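Residues per chain are reported as follows:
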Amino acid sequence: AVSGATYTSRALARNVDAALAAYAAAPVETFASGEDTDAFSQMAPLVVVALGVGATLAVRRSRKLRLVVLVLNVAVTGFWCGEYLSVSLLRGWLAEGADMARHLPAIIMLLVSLLLAFLKRPNHYCTWICPLGSLQELAYRLPGPKLHLSPRAFRVMERIRLWVLVLLLLALWMGVGAEVLDYEPFAAFRPAAAPWPVLVLAGVFVVSGVYVPRPWCKLLCPLGELFQLSCDAGRKS
């Protein structure tokens, strides 16, 4: 219409129409937390979070109560409601803002974790809310031989996790790391939507968790490292 290239203009218009039709037919934010917005799936994870907070603040810690919280984190927060925090979700919030109606449970999880860190209870999300961390801890409770690592080995794992976060942030800054976020193993709690590499990755870390405590959390999780750095900064301030 502008340049006289009629066929080119028609082809561009048809391509735009095809892209819009494909986008309308595709699921939105397949790997983001908070796909369900009904009242039950909104309230259920909040009840589990409240139970975990109560167990954390209790004067006497109950191992049975912790076991209940871990199971609820996996069954309710993870598989049923699909609610969890991830670097992909936080990046989406920074880029586009958070939808309060849709992501309310995840927002509450984040606020509760930050508040408890201020109250000298750091890493609450990782130890009391995260469904993948809870699943790994339940796996480690299964009977069988355990690989007992030295404190030095855990310090090395923490350094690796820090470098994973640094490299990921550098890649995102260069505009080449967004695709990596699609393979965070948290998406395995939506098995029908998650690609098979995510399911395999999550399965490897859960099986490894039978022998080593929380291998994903201690070795690679960039979200856990972000929480750790925020807690360290809070202590220094």
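In this text the structure is predicted, and so the values were computed from the model without any measurement.

Conventions used here
- Residues numbered from 1 in each chain as written.
- Predicted model: local features only at pLDDT ≥ 70, side-chain atom pairs only at ≥ 80, totals over all residues.
- Heavy atoms only, no water.
- Helix = DSSP H or I, 4+ residues; strand = E, 2+ residues; numbered from the N terminus.
- Buried < 20%, exposed > 50% of the residue type's maximum accessible area, 1.4 Å probe, protein only.
- Contact = heavy atoms within 4.5 Å.
- Areas by Shrake-Rupley, 256 points an atom, 1.4 Å probe, with all protein chains shown as cover.
- Core = buried A, V, L, I, M, F, W, Y, C linked by side-chain atoms within 4.5 Å.
- Phe/Tyr/Trp six-rings, centres within 6.5 Å; stacked < 30°, edge-to-face > 60°.

## Describing the overall build of the chain
Here is step 1: Within the chain, the regular secondary structure consists of 11 helices and zero strands.
Here is step 2: The order of α-helices and β-strands along the chain, N terminus first, is α-α-α-α-α-α-α-α-α-α-α.
Here is step 3: When the 237 residues of the chain are sorted by exposure, 38% land in the buried category.
Here is step 4: Taking as baseline every contact in the chain between residues at least 6 positions apart, the subset at least 24 positions apart corresponds to 74%.
Here is step 5: Of the roughly 13,800 Å² of accessible surface on the chain, 69% is carried by carbon and sulfur atoms.

## Considering the nonpolar core
If you look at soluble globular proteins, the nonpolar side chains tend to sit buried side by side.
Here is step 1: In this structure, Leu85, Trp93, Tyr125, Leu132, Phe186, Leu223 and Phe227 are the most contacted members of the largest nonpolar core, which totals 37 residues.
Here is step 2: Elements with a contribution of two residues or more to this core: helix H2 (39-57), helix H4 (87-96), helix H5 (100-118), helix H6 (124-129), helix H7 (131-140), helix H9 (196-208) and helix H11 (222-236).
Here is step 3: Ranked by residues supplied to this core, first place goes to H5 with six residues.
Here is step 4: Aside from chain neighbours lying at most four places away, what touches Leu132 is Pro185, Phe186, Phe189, Val206 and Trp216.

## What to know about the packing of aromatic side chains
Here is step 1: Enumeration over the complete set of coordinates arrives at five aromatic pairs.
Here is step 2: Centre to centre, the rings of Tyr84 and Phe186 are 6.0 Å apart; their planes meet at 20°, and the pair counts as stacked. In this pair, Tyr84 is assigned in the loop between helix H3 (63-80) and H4 and Phe186 in the loop between helix H8 (151-173) and H9, connecting sequence segments 102 residues apart.
Here is step 3: By relative accessible area, Phe186 is classed as buried at 1%.
Here is step 4: Taking the centre distance of 5.6 Å and the plane angle of 25° together, the rings of Tyr125 and Phe227 count as stacked. With Tyr125 in helix H6 and Phe227 in helix H11, the pair connects residues that are 102 residues apart, well separated along the chain.

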